[in-house]
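Chain by chain, the residues:
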2 protein chains.
Amino acid sequence: MASSSSLTLSQAILSRSTISRHGSAQQLHPSPTSAALSIPSFSGLKAASSSAAASVSRRRAPATRLPVRASAAVETLEKTTDALVEKSVNTIRFLAIDAVEKANSGHPGLPMGCAPMGHVLYDEVMRYNPKNPYWFNRDRFVLSAGHGCMLQYALLHLAGYDAVKEEDLKSFRQWGSKTPGHPENFETPGVEVTTGPLGQGIANAVGLALAESHLAARYNKPDSKIVDHYTYCILGDGCQMEGISNEACSLAGHWGLGKLIAFYDDNHISIDGDTEIAFTENVDQRFEALGWHVIWVKNGNTGYDEIRDAIKEAKSVTDKPTLIKVTTTIGFGSPNKANSYSVHGAALGTKEVEATRENLGWPYEPFHVPDEVKKHWSRHTPEGAAYESEWNSKFAEYEKKYPEEAAELKSIITGELPSGWEKALPKYTPETPGDATRNLSQTNLNALAKVLPGLIGGSADLASSNMTLLKMFGDYQKKTPEERNVRFGVREHSMGAICNGIALHSPGFIPYCATFFVFTDYMRSAMRISALSEAGVIYVMTHDSIGLGEDGPTHQPIEHLASFRAMPNILMLRPADGNETAGCYKVAVDNRKRPSVLALSRQKLPNLAGTSIEGVEKGGYTISDNSSDNKPDVILIGTGSELEIAAKAADELRKEGKKVRVVSFVSWELFEDQSAEYKESVLPSAVTARVSIEAGTTFGWHKIVGSKGKAIGIDKFGASAPAGKIYKEYGITAEAVIAAAKEVC
Amino acid sequence: MASSSSLTLSQAILSRSTISRHGSAQQLHPSPTSAALSIPSFSGLKAASSSAAASVSRRRAPATRLPVRASAAVETLEKTTDALVEKSVNTIRFLAIDAVEKANSGHPGLPMGCAPMGHVLYDEVMRYNPKNPYWFNRDRFVLSAGHGCMLQYALLHLAGYDAVKEEDLKSFRQWGSKTPGHPENFETPGVEVTTGPLGQGIANAVGLALAESHLAARYNKPDSKIVDHYTYCILGDGCQMEGISNEACSLAGHWGLGKLIAFYDDNHISIDGDTEIAFTENVDQRFEALGWHVIWVKNGNTGYDEIRDAIKEAKSVTDKPTLIKVTTTIGFGSPNKANSYSVHGAALGTKEVEATRENLGWPYEPFHVPDEVKKHWSRHTPEGAAYESEWNSKFAEYEKKYPEEAAELKSIITGELPSGWEKALPKYTPETPGDATRNLSQTNLNALAKVLPGLIGGSADLASSNMTLLKMFGDYQKKTPEERNVRFGVREHSMGAICNGIALHSPGFIPYCATFFVFTDYMRSAMRISALSEAGVIYVMTHDSIGLGEDGPTHQPIEHLASFRAMPNILMLRPADGNETAGCYKVAVDNRKRPSVLALSRQKLPNLAGTSIEGVEKGGYTISDNSSDNKPDVILIGTGSELEIAAKAADELRKEGKKVRVVSFVSWELFEDQSAEYKESVLPSAVTARVSIEAGTTFGWHKIVGSKGKAIGIDKFGASAPAGKIYKEYGITAEAVIAAAKEVC
């Protein structure tokens, strides 16, 4: 019973994954055990594969008693014969070659060069359960050099992951396949994060390793290391050149993430040719300066023992992350293209494929996996099941001894939020004294931190401006990894990518991160990948307009609201007061597969009549109206700090006898999700007299105000002066709204 | 005569600056010498200040024969007494304290800590002409830690720059002042670049130093070092943490920029407190790894000789950039706030200002500059004039000996483009075989490189994909700095910021840089600063839609066109074919104060009937129409690769008897600039039947198609598959346009 409880626990993630993709729970396979559990209820199992995993671990694991690897698995593994290893490595190479050739598109060079380290990792070192890619305590692997995804697909295929069967390899880079052009966690179970844009992956890996270290520190007990896994990463020269990787690796060194082991594919080739043309720094020395342990594997092409020894050494260094520089030959095995950029990003071509087959002594048909290789790798299915089963038993014991911690950890593992969490959200009335929404945000964060065990985050060196400190917790640091205030330093880009890693480590993590709204420009790629990879990061972005005043145009966002409204699968939220800020947190926490950007004011704002959490959840809603029959003379639409201005303008216009509706348009995306009927009730199509006001670009607003409406905003850069002065000079005033309203009525 | 010719040369920049701000040339002060010059004509002098400079250098320089400093000025300067230096340094400190106090806003901590190095630089080391901030051969200074701008304003004030008089210091951070909250080149002559967003400045400095090294290699002769100046930079812990700075400094080391000298204000404090909480890497070692010479000044607070010696040493190392780590105390002199984050970003407060006055023995009123300090600094005006005059004479000689090089250099210095340059642009007919616009872009770049001496640039390791190589030139490298293909490596963010530095070095530089369009997300902050600081960088962005195919959603831009259309002062250009690509380059080169983003296709596109360079210059224009009287039944609007689809749909609809206009909407910004009459001629308000098609977000298009029109686009992420398949699956087809047209007609 206990065992199956824990088993179900790790499957719950699979289940959640299924649920959120389809938008609602599917009760096809109700869990027989869930009723008896103390964890939050969950509703189903992912059919085939997880059932298979379940039966494997139930039926076979206890019976076969496979020798379970110790934590440093590489140390205890009996060595496979060199010939078999070579054959396995060449299988990986040719699966990559063949898939790229068939697609006539892709990147064969990296898989051919990195196949040896890939083999050692997936076959000898890593602990995972191929039949349950979401097993909580698995080792994580990130291919930061994402273009080399055929390496990972080949490894997942050999290891027995259901997502990558032979037909999937054959449909590499085709419409609807599980094997897209870069690794995508949302397409391919077994892929942890979404990479391709260089440098993101290593930063994600830092986030994954942070998550492990944090959970281990919070939940492990002297008698139970319930959280205990490694994070592996392969990064290339391209990743190394990107600033984000230096940021992330500086933090990893600072935090002493001893269980992060990164392989640097040192092949001296990038797209433009030899790295000599643009990349001559001493990488080893830089990583030492960043506080990493550095090892150099000189022969990454065939030096299997060197690779094994390096991993062993890396594991022995527990207070620093390790960079294993592995010198390889890009396109290893290709007689005419190896060690050149031509093998990086294009199919080898029939002739060169043949030459490579000959060169490496590979007589097989495309996509063929030799029997002995297949047989050799086949053990990972039962072994993986055994790992999971062993961990499940361990968890069952842990749960008995430490029920409180177990419940918390379960919530983080499953992503089931504690019921009633939203009751913690603060409520406000118009009588509550006004405050900046950044301060209201801090009230929400601190209220939520008490009820959401997975809430963790911080700021890019602006905690006291972004108001993001969780007062009941200390700093997450090397010596205090159990704490929940993360100090990212002035490293916005890696902050976002690290949060993606945390979010994708376990579905119950709710990472938040903060900077000034304008500096989303520094981290936009990470934010886009949050959106694409369904990482529900909460971006707490303060100082959201010219309202920040004197810092001037470098610090004043103008186009930023529009730029996120234009981005798919991200919620751009701009609350106007206390209730709306709480509403935004309600939405942000609820949306675990859609990141949220909260644009918050530096300046004080009043609590307005008519605002509500429920209103925010609809994206746009009426906060006041003196008309009847859904026929106002004019609709005034505001967001955030300008909703107050719209409300003031309405008061004036009503004094003059106008029927005026004021609409808060806190999130365009949420409004878009509403029914046509609801939309019509807020913005009736018959009422074309509409005025919007927002201290940002008018770009995009014409969809809302229509051809006959007016959009008041700012279509130039800001200025350095006290905020009130800029508002006045830029015409973001009630007077302007009143004048526009009279024009359109 | 020769002397005044060259004098006028450096003033031409002042003139151009004035011109472009007012939108047209002002012929108030026609140059008496311009007619006799071989350089392109220019039209006026900036009135007061430059005339003053002219008279100073004409009347005094030859007479007084000031001892002109040698290139390593610090070595020959006679030492000022320690007491006077101290007084000067405290003047700087208190000007900063007083200005921040009066504004009750700003950052006193950095100026108080960095005043000593600031003093040594501006008073003892740097060569500049305060009465002509645009003198070509001046040393450049960049305050990368831009929040400390009061340091720079105080220094410009003491040095005699007209932009920063006492009243300007007193209106620090106020509406319309010359002393905004962060340094802004477009507001304050004497400020080279716009900083504040951390890390940008050091990357700009790398660009400035690259520009100097390039021009020096191209134009210096054994008998004339006509280009010879240094680039200095102050950066703080915040800059150091940002990834962009590591990228830029890696390149600076690679390029061996020996005349770049950066001061690292090592004060151990950032906004969130001691840097110990997030920044414990070994910076010295990292910079050594990046190929820099590193010096540590242990006493930056009072160790003037240490600072002087460090600069001397830095200048002696000519093959590497130098980082001088200067350990300082933030807020030095404030008895209760020094060495704490509280002095970083807020006024000290009356009480602490008084305590600091007492502590540093400063009996003066706010904003007072003691007479001896004033007198001491007053020499910079005649000295600066002498520097310029000496250089002018040198240039006159150079011009005689090397007329061709001189003409080129003049074009770069003045920004006057060679007349008729636009004739080099290629022309196409519908019969010309189709091509990808990225290839057409390369044709344009190569044609322009022959006629534009300031065109220089490259790609972030995607030269062969972005098609950016200038075939007649080699690579700009440490040993070949005279070449014009810059290899940025995979460092998009610093690439943009380096190009900003190049653009702002001299108005005739036309830097371009390239990556995949989606990776503008990595460099957005640098691009925004191009726009804000009026740096006319050309962003060559290829692979501009789902049309790139198999690389998938991580590589496919969706929201990017909208995100730049929403940004102020930047031109978003998306050409459809050969003529339009040429038109985009025409516009991009013409707009020296407005950066351009060219979105270019990976896939082949046909040359369409009706496209033209002139059309592109209007932003939106009709390429075909079978209606009369400006009354088409429907208007189909396309951009870039989708213009072809709109044209095809029009053909079909016309076959069915419809009157259809096809409009190319290549740049929204340029169209916006046109007269109401022109706009009406393209998009008549009476015709509400409009359909737009673009392989990107529909966000924003409703302004163009109106409430009754239809926008066809993509409001979700892309997918990995062959391009044609994605177009079809996503409904970006002529059929979709035809159906939409029938709906709206």
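Remember, it's a predicted structure, so these values are computed and weren't measured experimentally. (Residues numbered from 1 in each chain as written. Chains lettered and ligands numbered in written order. Predicted model: local features only at pLDDT ≥ 70, side-chain atom pairs only at ≥ 80, totals over all residues. Heavy atoms only, no water.)

## Quick look at the overall build of chain A
- Counting its secondary structure elements, chain A contains 29 helices and 21 strands.
- The 745 residues of chain A split such that 70% are buried.
- Nonlocal contacts in chain A, meaning residues at least 24 apart in sequence, comprise 78% of its contacts between residues at least 6 apart.
- Accessible area of chain A: about 23000 Å², with a carbon and sulfur share of 50%. (Helix = DSSP H or I, 4+ residues; strand = E, 2+ residues; numbered from the N terminus. Buried < 20%, exposed > 50% of the residue type's maximum accessible area, 1.4 Å probe, protein only. Contact = heavy atoms within 4.5 Å. Areas by Shrake-Rupley, 256 points an atom, 1.4 Å probe, with all protein chains shown as cover.)

## A few points about the interface of chain B and chain A
- With 99 residues of chain B in contact, the opposing surface of chain A contributes 98 residues.
- In this assembly, chain B packs against chain A so that about 8000 Å² is buried in total across both faces, 58% of it on carbon and sulfur atoms.
- Contact with chain A buries area across many residues of chain B, yet Trp 175, Arg 528 and Phe 699 of chain B alone supply 11% of it, more than any other trio.
- Counting the contacts that link chain B with chain A gives eight salt bridges.
- With its nearest N and O atoms 3.4 Å apart, the salt bridge here joins Asp 272 of chain B to Arg 487 of chain A.
- Joining chain B to chain A, the criterion identifies 50 residue pairs in polar contact (both at pLDDT 80 or more).
- Taken together, the residues of the side of chain B that touches chain A sort by class into 37 nonpolar, 36 polar and 26 charged. (Buried area = accessible area lost by both parts, 1.4 Å probe. Salt bridge = Lys/Arg side-chain N within 4 Å of Asp/Glu carboxyl O. Polar contact = N/O pair within 3.5 Å; in protein donor to acceptor, adjacent residues only side chain to side chain. Nonpolar A, V, L, I, M, F, W, Y, C, P; charged D, E, K, R; others polar.)

## Some remarks on the UniProt feature "domain: Transketolase-like pyrimidine-binding" (unreviewed entry) in chain A
- Mapped onto the present numbering, the UniProt feature "domain: Transketolase-like pyrimidine-binding" (unreviewed entry) falls on residues 435–607 of chain A.
- Taken end to end, residues 435–607 of chain A is 38% helix and 19% strand, and its first and last C-alpha atoms sit 8 Å apart. (UniProt positions renumbered as here; feature names shortened; annotations may be inferred.)

## Brief notes about the nonpolar core
- Counting 155 residues, the largest nonpolar core has Leu 636 and Ile 732 of chain A together with Leu 636 and Ile 732 of chain B as the members making the most contacts within it.
- Apart from the residues lying within four places of it in its own chain, the contact partners of Leu 636 of chain A are Ala 646, Ala 649, Ala 650, Leu 653, Val 660, Arg 661, Val 662, Val 663, Val 691, Val 737 and Ala 741 of chain A. (Core = buried A, V, L, I, M, F, W, Y, C linked by side-chain atoms within 4.5 Å.)

## Notes on the relation of the copies chain B and chain A
- For the match of chain B to chain A, the screw axis carries a shift of 0.0 Å, the RMSD comes to 0.0 Å, and the turn is 180°. Here the transformation between the copies is reduced to the relation of a two-fold axis.
- Interface overlap between copies: 99% of the residues of chain B at the interface are likewise at the interface in chain A, consistent with a symmetric, same-surface contact. (Least-squares fit on C-alpha atoms with pLDDT ≥ 70 in both.)

## Focus on the sheet that holds strand 6 (residues 293–297) of chain A
Residue and element names in this part refer to chain A.
- The strand order across the open sheet built from five strands is 1-2-3-7-6, with neighbouring strands paired in parallel fashion. Only two strands of the sheet have a single neighbouring strand rather than two, namely strand 1 (140–143) and strand 6. Averaged over neighbouring strand pairs, the angle between their axes works out to 20° when direction is ignored.
- Two strands pair when backbone bridges link them, and strand 3 (residues 260–266) and strand 7 (residues 322–327) are joined in this way by six bridges, in the parallel orientation. Counterpart to Tyr 264 in the pairing with strand 7 is Lys 325.
- Sheet strands in contact with helix 8 (residues 200–219) are strand 1, strand 2 (231–236) and strand 3, and its direction is about 165° off that of strand 2. (Pairing = 2+ DSSP bridges. Axes fitted to C-alpha atoms, helices over the stretch in contact; angles between N-to-C directions.)

## A word on helix 6 (residues 149–159) of chain B
- Within helix 6 of chain B, eleven of the eleven residues are buried, which leaves the element mostly enclosed by the surrounding structure.
- Among the residues trailing helix 6 of chain B, Gly 160 of chain B stands out with phi positive, at a value near 100°.

## Here we look at the UniProt feature "binding site: thiamine diphosphate" (unreviewed entry) in chain A
- Look at the UniProt record and you will see "binding site: thiamine diphosphate" (unreviewed entry) annotated at His 147, Gly 196, Pro 197, Leu 198, Gly 238, Asn 267, His 344 and Phe 519 of chain A. Separation in sequence by 373 residues is matched in space for these annotated residues, since their most distant C-alpha atoms are 34.1 Å apart.
- Residue class for Leu 198 of chain A comes out buried when judged on its relative accessible area of 17%.
- Setting aside residues no more than four positions away along its own chain, Leu 198 of chain A makes contact with Ser 144, Ala 145, His 147, Gly 238, Cys 239, Glu 242 and Ile 244 of chain A together with Val 490 and Tyr 522 of chain B.
- You can see Gly 238 of chain A is positioned in helix 9 (residues 237–241).
- Once residues within four sequence positions are removed from consideration, Gly 238 of chain A is found in contact with Leu 198 of chain A together with Val 490 of chain B.

## Here we look at the domain arrangement of chain A
Residue and element names in this part refer to chain A.
- Under the domain assignment used here, chain A contains domain 1 (104–383), domain 2 (421–599) and domain 3 (619–744).
- Taking the mean C-alpha position of each, domain 2 and domain 3 sit 26 Å from one another.
- Taken together, the 26 residues of domain 2 in the interface contact 31 residues of domain 3.
- With both sides pooled, the region where domain 2 packs onto domain 3 buries about 2200 Å², and carbon together with sulfur makes up 57% of that total.
- The largest per-residue losses of area from domain 2 upon contact with domain 3 belong to Ile 546, Arg 565 and Arg 574, which jointly make up 31% of the total buried on that side.
- Here Arg 574 and Glu 642 are joined by a salt bridge, their closest N and O atoms 2.8 Å apart.
- Between domain 2 and domain 3 we count 15 residue pairs in polar contact (both at pLDDT 80 or more) in total.
- Breaking the side of domain 2 that touches domain 3 down by element, the ones donating at least two residues are helix 21 (560–565), strand 14 (571–573) and helix 22 (578–590).
- When residues in the side of domain 2 that touches domain 3 are grouped by element, the largest group, four residues, is from helix 21. (Domains from an automatic or database assignment.)

## Here's the deal with the pattern of salt bridges
Residues and elements named next belong to chain B.
- Under the counting rule described, the total for this entry stands at 78 salt bridges over all chains.
- With its nearest N and O atoms 3.4 Å apart, the salt bridge here joins Asp 162 to Lys 165.
- Taking the relative accessible area as the measure of exposure, Asp 162 reaches 29% and is therefore partly exposed.
- For Lys 165, a relative accessible area of 37% puts it in the partly exposed group.

## Here we look at the packing of aromatic side chains
- Overall, the coordinates contain 51 aromatic pairs over all chains when judged by the stated rule.
- Aromatic side chains Trp 175 of chain A and Tyr 730 of chain B sit 6.1 Å apart centroid to centroid with 85° between the ring planes, which places their arrangement in the edge-to-face category. One end of the pair, Trp 175 of chain A, is in the loop between helix 7 (166–170) and helix 8; the other, Tyr 730 of chain B, is in the loop between helix 28 (723–729) and helix 29 (734–744), on a second chain.
- With a relative accessible area of 33%, Trp 175 of chain A lands in the partly exposed category.
- With centroids separated by 6.4 Å and ring planes inclined at 5°, the aromatic side chains of Trp 135 of chain B and Tyr 387 of chain B adopt a geometry described as stacked. Remark: Tyr 387 of chain B occurs in helix 15 (residues 380–401) and Trp 135 of chain B occurs in the loop between helix 5 (109–125) and strand 1 (140–143); sequence separation between them is 252 residues.
- Tyr 387 of chain B gets classed as buried once you look at its relative accessible area, which sits at 5%.
- What links up through ring pairs into an aromatic cluster is the set Phe 665, Trp 668, Phe 671, Tyr 678, Phe 699 and Trp 701 of chain A together with Phe 665, Trp 668, Phe 671, Tyr 678, Phe 699 and Trp 701 of chain B.
- One cation-aromatic arrangement involves Lys 325 of chain B over Trp 296 of chain B; the distance from NZ or CZ to the ring centre is 4.3 Å. (Phe/Tyr/Trp six-rings, centres within 6.5 Å; stacked < 30°, edge-to-face > 60°. Lys NZ or Arg CZ within 6 Å of the ring centre and 35° of its normal.)

## Here we look at the pairing of strand 20 (residues 690–693) of chain B
Residue and element names in this part refer to chain B.
- Here strand 20 shows a buried face lined by Arg 690 and Ser 692 and a second buried face lined by Val 691 and Ile 693.
- With four bridges joining them, strand 18 (residues 634–638) and strand 20 adopt parallel strand pairing. The residue of strand 20 that forms the bridge with Gly 638 is Ile 693.
- Judged from the three bridges that link them, strand 20 and strand 21 (residues 710–712) form a sheet pairing that is parallel. If you follow Ser 692 over to strand 21, its bridge partner there is Ala 711.

## Observations regarding the confidence of the model for chain A
Residue and element names in this part refer to chain A.
- The predicted model of chain A has a mean per-residue pLDDT of 91, with 89% of residues at 70 or higher.
- Contacts from residues 10–78, a stretch scored under 50 in pLDDT, to residues over four places away or in other chains number 122 contacts.
- Across the assembled chains, the prediction reports ipTM 0.92 with pTM 0.92. (pLDDT = per-residue confidence, 0-100.)

## A closer look at the packing of helix 4 (residues 82–103) of chain B against helix 14 (residues 371–378) of chain B
Residue and element names in this part refer to chain B.
- The interhelical angle for the contact between helix 4 and helix 14, taken along N-to-C directions, is 95°, at an axis separation of 9 Å. When the interaxial angle is binned, helix 4 and helix 14 end up roughly perpendicular. Taking contact as the criterion, the partners of Leu 84, Lys 87, Ser 88 and Thr 91 in helix 4 are, on helix 14, Glu 372, Val 373, His 376 and Trp 377.
- Partitioning the contact of helix 4 with helix 14 into residue classes produces three nonpolar, three polar and two charged. (Parallel < 35°, antiparallel > 145°, perpendicular 65-115°, else oblique.)

## A short note on the packing of helix 10 (residues 243–255) of chain B against helix 19 (residues 492–505) of chain B
All names here are of chain B.
- Their axes nearest at 8 Å, the elements helix 10 and helix 19 cross at an angle of 70°. Taken together, the axis directions place helix 10 and helix 19 in an arrangement best described as roughly perpendicular. Helix 19 is crossed by helix 10, and the crossing has right-handed handedness. Here helix 10 contributes Ile 244, Glu 247, Ala 248, Leu 251 and Trp 255 to the contact with helix 19, which in turn contributes Glu 492, His 493, Ser 494, Ala 497 and Ile 498. (Left-handed = near helix turned anticlockwise from the far one by under 90°.)

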